[in-house]
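Okay, here's what each chain looks like letter by letter:
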Amino acid sequence: MPTRILIIEDDSASRALVRYLLEAAGYTTLEAEDGGAGLHLALQTQPDLIICDLQMPVMNGYEVARALREQPNWHRVPLIAVTAFSMAGDRETALAAGFDEHITKPITPETFVTQIEAFLSRALQVRHSPGH
Amino acid sequence: MSPNLTAQLWEHNPDALIAVGPDGTILHWNLAAETIFGYSRDEAIGQPILELIVPKDCFEEESRIQAEALHRGVTVYESVRRCKNGTLVHVSVSTKAVLRADGQLEYFLSNKKDVTHLKVLRDAKLVEARFHDLLESTPDAIVMVNVTGRIVLVNSQAEKMFGHQRTELLGQPVEILLPNRFRTAHLAHRGGYFEQPRTRTMGAGLELYGLRKDGDEFPVEISLSPLKTEEGTMVMSAIRNISDRKKADQKFKDLLESAPDAMVIVNREGRMVLVNTQAVQLFGWSREELLGQKIEILVPERYRGNHPDHRTGFFSQPRARSMGAGLELFGLRKDGGEFPVEISLSPLETEEGLFVSSAIRDVTERKRFEQTLRDKNVELENAALAKDRFFASMSHELRTPLNAIIGFTGTLLMKLPGPLNVEQDKQLQIVQRGARHLLSLINDMLDLAKLGANKLDFKTETIDCNAVVDEVAASLRPDAEKKKLLFTVSLPDPAVMLNTDRRALSQIIINLTGNAIKFTEQGSVQLRLQRHVVAGRNMLAFSVEDTGPGIAQQDQPRLFEAFSRIEAADRRKLEGSGLGLHLSRKLSEQLGGRITFHSAIGKGSTFTLELWED
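Residues numbered from 1 in each chain as written. Chains lettered and ligands numbered in written order. Predicted model: local features only at pLDDT ≥ 70, side-chain atom pairs only at ≥ 80, totals over all residues. Heavy atoms only, no water.

Some remarks on the overall build of chain A
The condition that has to hold: A run of H or I in DSSP counts as a helix once it spans at least four residues, and a run of E counts as a strand once it spans at least two, with each numbered from the N terminus. Pairs of residues are marked as contacts when any of their non-hydrogen atoms sit within 4.5 Å. Using a 1.4 Å probe, accessible areas were evaluated by the Shrake-Rupley method; residue-level cover was limited to the displayed protein chains.
What chain A contains, in helices and strands, is five helices and five strands. Listing every helix and strand of chain A by position from the N terminus yields β-α-β-α-β-α-β-α-β-α. Contacts spanning at least 24 positions in sequence make up 62% of the contacts within chain A whose residues lie at least 6 apart. Accessible surface for chain A amounts to roughly 6,000 Å². Of this, 51% is attributable to carbon and sulfur atoms.

Next up, the structure:
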């Protein structure tokens, strides 16, 4: 089964960029345009990793993270915030809400996939570890 | 003897000759009687003698003597009589009962000789002998008068006080020691005193004055005491010169008046005993209305209930303090208006006991000012909050489109969609540089704005400076190598630890090193961390030396100004925001250090961040 990554992002250009980079690297992507749809899709499809914007309509990224972290067995799915929030304290707020990483827009396309894969491999290792 | 001569003898008898009928009314009154007692013949004849000139306490004596005269025919005695002006005189009296042929009383004929001066001399001798030593030893001036108001004794303190010799005073009416304007009233009071003699203060509540021989007046306080002797009742007056106290009182009043606050002095019963003009103006009551009133009339109704208890509490533990600390206090004006006040209380020890002095300040203006200030602060906080939100939104909104520009330029240059020809590659690199320039501009601008609003969070912690320099070097080395520059880093051993803000330090070194790489086309960029001792203190110098074009002398003063980037020959090569050095200098100042440089055209530049190590 291919590795599936869910992209929750309301800005279509940003969504297209991340999708392009991930698909070029061989991943399957799923997309949602707001937090509510993203949460719904996540629960429905059980992706391997979620990339999530913070400022979105319906449900913002923090709410999505908190909702997911409350689900049983969801604590091991890496949750990466990719956001234009770059002020002091923004990173801490994101981590506190349950994100594993906070990447500031604009992303660096040359290194973005590598950054994501660091979390992916950790999650996959856990998933494939004996006794899981 | 002719009837005429008889009449003349009657008239000119040097002593008062008075005939009184059996019913006690006056039948005859000669010239000497007029002189001694002050009543004219018309005023006297037909009047009851007892009411006219006999003091009450002599009524009994008078009737006894008349009885004796009836019995014996003639009787001789000494007594006191009252004159028209209220004063008493000593008289030596001979009275004869004149009978009709049938043996019934026709009238009493009295011969009254004024022996006041003789009596004074006698009294003087008596009291002198008896009281001299005692009265000399008292601190007060003592003046003793007999029943006729004549001075019979003065002690030396009194001589000094009034400037008279003893001999000048003995036998004189005591009024000689009073200013003229008080004399008439005094005569009447004096007569009254002898009718009810008891120890008391003279003229309670009145201002009394003494008169010196030289005409000077001085304020006095006088105590009177009756003294019974076999020569009759004497009055002893103890006189105290209260000029000093009056002056002190006046000074105190002046002091109260000069106080900036309304001052109210309150006694133990809570009644106002002294108020200054400021208090009168503040509360709208006149001084007369306030004095003697309870202080509570100045307190709004709803606070009055507890006030007397607080007052009692203060008297039990009197010390200077402000009233109702932390409470909002209000004053009440006569017109019912209230105003916020601040009150300080202090105990005031006086001869009349413990008072409270309260200084009352109307703080209406200050309250209004404070409220304005609070409103302004809220306004400013809101403005600051709005500004913060604006920065955050601006940052967010500018980054989102930049994400697509930098991202897709990157994917194209990474040739993910497919190969590029040389021109496409070149043009895309120009787009990429432009986009990165825009990003650094946004970052620096936000930092500057936050710095200006003191919103940059500086977190001071102990950091490894070698590690910071290494990180910066690692991130910028690719840029230097791309330009084929020699890039060296030299660090002290052991590593330097410093208490400072990591992000700010790192940002400054990135800026300085980035500039050096940017402006140097060939040669080297050398990054160094060194320790110096300056004026006995350890200084850390982070220096970046390049072999770039150098900065012209005339451009150097504007180097750290925002957007003052020096025009280089090849503008295409310029990157960065034009805010880098400006921001770096401001950051270095926040860290307690500074940035220095030396540079010359053709010789390269060295920029140094200097931070104190201790």
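And the narrative resumes.
Some words on the overall build of chain B
A count of helical and extended segments in chain B gives 19 helices and 24 strands. Carbon and sulfur atoms make up 54% of the accessible area of chain B, which amounts to about 33,600 Å² in all.

Observations concerning the interface of chain A and chain B
Stated formally: In short, buried area is how much 1.4 Å probe accessible area vanishes from two parts on joining, totalled over both. Contacts described as polar in this section are N or O atom pairs within 3.5 Å, which, within protein, must combine one atom able to donate a hydrogen with one able to accept it, while residues neighboring in sequence count only if both atoms come from side chains. Gly is put with the polar residues, along with every residue not named as nonpolar or charged; the nonpolar set is Ala, Val, Leu, Ile, Met, Phe, Trp, Tyr, Cys and Pro, and the charged set is Asp, Glu, Lys and Arg.
Taken residue by residue, the interface counts 20 residues in chain A and 23 residues in chain B. Summed over both sides, the interface between chain A and chain B buries roughly 1,800 Å², with carbon and sulfur atoms accounting for 67% of that surface. Area buried by chain A at its contact with chain B is led by Y20, M87 and P106 of chain A, which between them contribute 31% of it. Across the chain A-chain B interface, the total number found is three residue pairs in polar contact (both at pLDDT 80 or more). Those elements giving two or more residues to the side of chain A that touches chain B turn out to be helix 1 (12–24) and helix 5 (109–128) of chain A. The element best represented in the side of chain A that touches chain B is helix 1 of chain A, accounting for seven residues. Residues of the side of chain A that touches chain B, tallied by class, amount to 13 nonpolar, four polar and three charged.

A few points about the nonpolar core
All names here are of chain B. Here is the rule we go by: In this description, a nonpolar core means a group of buried Ala, Val, Leu, Ile, Met, Phe, Trp, Tyr and Cys residues linked to one another through side-chain atoms lying within 4.5 Å. Under the scheme applied here, a residue whose accessible area is under 20% of the maximum for its type counts as buried, over 50% as exposed, and between as partly exposed, the area being computed with a 1.4 Å probe on protein chains only.
By size, the foremost hydrophobic cluster in this structure holds 39 residues, and its most contacted members are C465, L505, I509, F542, F607 and L609. Elements with a contribution of two residues or more to this core: helix 16 (422–452), helix 17 (465–482), helix 18 (502–519), strand 21 (524–534), strand 22 (537–546), helix 19 (580–590) and strand 24 (604–612). When neighbours within four sequence positions are excluded, F542 is seen to be in contact with C465, V469, L505, I509, R528, L529, F607, T608, L609 and L611.

Observations concerning the packing of helix 2 (residues 35–45) of chain A against helix 3 (residues 61–70) of chain A
Geometrically, a packed helix pair is captured by the angle between its two axes and the distance between the axes. Residue and element names in this part refer to chain A. Put simply, the rule reads: Fitting a line to C-alpha atoms yields each axis, with helices limited to the stretch in contact; the angle taken between N-to-C directions then spans 0 to 180 degrees. Should an angle lie under 35 degrees it is considered roughly parallel, over 145 roughly antiparallel, and from 65 to 115 roughly perpendicular; all remaining angles are considered oblique. Crossing handedness follows the turn of the near helix against the far one: under a right angle anticlockwise gives a left-handed crossing, and clockwise gives a right-handed one.
Contact geometry of helix 2 with helix 3 gives a least axis separation of 9 Å together with a crossing angle of 25°. Judged by the angle between their axes, helix 2 and helix 3 are roughly parallel. Helix-helix and strand crossings are classified by hand; for helix 2 and helix 3 the assignment is right-handed. Taken together, the residues of helix 3 that come into contact with helix 2 (itself represented by G35, L39, A42 and L43) are V64, A67 and L68. Its residues assigned to classes, the contact of helix 2 with helix 3 comprises six nonpolar, one polar and no charged.

Quick look at the pairing of strand 9 (residues 208–211) of chain B
All names here are of chain B. To keep things clear, this is the line we draw: Between any two strands, pairing holds if DSSP finds at least two bridges.
Sheet analysis places strand 9 next to strand 10 (residues 217–229), joined by four bridges and oriented antiparallel. By the bridge assignment, Y209 is partnered in strand 10 with P219. A loop of five residues connects strand 9 with strand 10, the two strands running antiparallel in sequence, and G215 in this loop sits at a positive phi of about 95°.

So, helix 1 of chain A
All names here are of chain A. Threshold: Multiplying 1.5 Å by the residue count of a helix minus one yields the expected span of that helix. Note that the arc is defined by the directions from the helix axis to the C-beta atoms.
For helix 1, built from 13 residues, the straight-helix expectation of 18 Å at 1.5 Å per residue is met to within 8% by its first-to-last C-alpha distance of 18 Å. By the burial criterion, the buried members of helix 1 are S14, R15, L17, V18, L21 and L22. All buried residues of helix 1 fall inside an arc of 160° around its axis, so they share one side. Just past helix 1, the residue G26 takes up positive phi, approximately 100°.

Digging into empty space enclosed by the protein
Residue and element names in this part refer to chain B. We apply this condition: Site definitions follow a grid-based scheme: protein atoms alone, a 1 Å grid, a 1.4 Å probe that fits but cannot get out for cavities, and for pockets an open set with protein on both sides within 12 Å along at least five of seven lines, plus lining residues having an atom within 4 Å of a point. Grid points are joined across faces, edges and corners, and a volume is the space filled by probe spheres set on the points.
For the structure on display, the rule yields two cavities of 30 Å³ or more. Empty space within the largest cavity amounts to approximately 50 Å³. The wall of the largest cavity is formed by V20, I49, E62, Q66, T95, F108, S110 and K112. When residues of the lining of the largest cavity are traced back to their parent elements, those giving at least two are helix 5 (59–72) and strand 5 (105–114).

Focus on the sheet that holds strand 4 (residues 88–99) of chain B
Residue and element names in this part refer to chain B. Ordered in space as 2-1-5-4-3, the five strands form an open sheet in which the pairing is antiparallel. Each edge of the sheet is formed by a strand with only one pairing partner; in this case those strands are strand 2 (26–29) and strand 3 (74–82). Across the sheet, the mean angle from the axis of one strand to that of its neighbour is 25°, orientation sign disregarded. The strands touched by helix 5 within the sheet are strand 3, strand 4 and strand 5, with strand 3 carrying the most contacts at an inclination of about 160°.

Details of the sheet that holds strand 3 (residues 49–52) of chain A
All names here are of chain A. Taken in spatial order, the five strands make up an open sheet running 2-1-3-4-5, and their pairing is parallel. The open sheet has two free edges, formed respectively by strand 2 (28–32) and strand 5 (101–104), since each of these has just one partner strand. Taking each pair of neighbouring strands and ignoring which way they run, the sheet shows an average axis angle of 20°. Two elements, strand 3 and strand 4 (residues 79–83), share three bridges in a ladder whose sense is parallel. Counterpart to I51 in the pairing with strand 4 is I80.

What to know about the confidence of the model for chain B
Rules: Confidence of the prediction at every residue is given by pLDDT, a number between 0 and 100.
For chain B, per-residue confidence averages 87 on the pLDDT scale, and 96% of positions sit at 70 or higher. At the level of chain-chain contacts, confidence expressed as ipTM amounts to 0.88, with global pTM at 0.48.

Points about the packing of helix 3 of chain A against helix 4 (residues 90–97) of chain A
Residues and elements named next belong to chain A. Closest axis-to-axis distance for the helix 3/helix 4 pair is 8 Å, and the angle between their directions is 30°. Between helix 3 and helix 4, the interaxial angle falls into the category roughly parallel. Along its contact with helix 3, which presents Y62, A65, R66 and R69, the element helix 4 presents T93, A94 and A97. Among the residues making up the contact of helix 3 with helix 4, the classes are represented as four nonpolar, one polar and two charged.

As for the packing of aromatic side chains
Any aromatic ring pair is given by two values, namely how distant the centres are and how the planes are angled relative to each other. Residue and element names in this part refer to chain B. Rule in force here: For this analysis, a ring pair means two rings from Phe, Tyr or Trp (six-membered ring only for Trp) whose centres lie within 6.5 Å, classed as stacked if their planes differ by under 30 degrees, edge-to-face if by over 60, and tilted for the remaining angles. Here, over-ring charges are defined by two tests on the NZ atom of lysine or the CZ atom of arginine: distance to the ring centre within 6 Å, and angle to the ring normal within 35 degrees.
Enumeration over the complete set of coordinates arrives at eight aromatic pairs over all chains. Measuring from centroid to centroid gives 6.0 Å for F560 and F597, while their planes differ by 55°, and the two rings are tilted. Of this pair, F560 sits in the loop between strand 22 and helix 19 while F597 sits in strand 23 (residues 594–600), and the two are 37 residues apart along the sequence. One aromatic cluster is present, built from ring pairs that chain together F560, F597 and F607. If you follow R181 out to its NZ or CZ, it ends over the ring of Y209, 5.8 Å from the centre.

A look at the pattern of salt bridges
Residues and elements named next belong to chain B. Rule in force here: Every case where a carboxyl oxygen of Asp or Glu lies within 4 Å of a side-chain nitrogen of Lys or Arg is listed as a salt bridge.
Throughout the structure, instances matching the rule amount to 44 salt bridges over all chains. Linking K246 and E207 is a salt bridge whose minimum nitrogen-to-oxygen distance equals 2.8 Å. Of this pair, K246 sits in helix 10 (residues 243–258) while E207 sits in the loop between strand 8 (200–201) and strand 9, and the two are 39 residues apart along the sequence. Residue K246 is classed as partly exposed on the basis of its relative accessible area of 28%. What makes E207 partly exposed here is its relative accessible area of 48%. As a salt-bridge pair, R502 and E471 come within 3.6 Å of each other at their nearest N and O atoms. Residue R502 is located in helix 18, and its partner E471 is located in helix 17; the two are separated by 31 residues in the primary sequence. E471 sits in the partly exposed class, given a relative accessible area of 46%.

With respect to the environment of F487 of chain B
Residues and elements named next belong to chain B. Its place among the elements puts F487 in strand 19 (residues 486–490). In this structure F487 comes out as buried when scored by relative accessible area, which is 8%. With ten residues separating them along the chain, F487 and R477 place their C-alpha atoms 6.9 Å apart. Those residues in contact with F487 that sit more than four places away from it in its chain are A473, R477, A480, T513, I517, V525 and L527.

A few points about the side chain of D34 of chain A
All names here are of chain A. Heads up, the rule is: In this tally, Asp and Glu contribute negative charge and Lys and Arg positive charge; neither His nor the terminal groups of the chain are included.
Within the secondary structure, D34 is located in the loop between strand 2 and helix 2. One buried charged residue, D34, remains without a salt bridge, the closest side chain of opposite sign being R15 at 8.9 Å. At 2.9 Å, the side chain of D34 forms a polar contact with the backbone nitrogen of G36. Discounting residues that sit within four places of it in the chain, D34 has contacts with I8, M56, P57 and V58.

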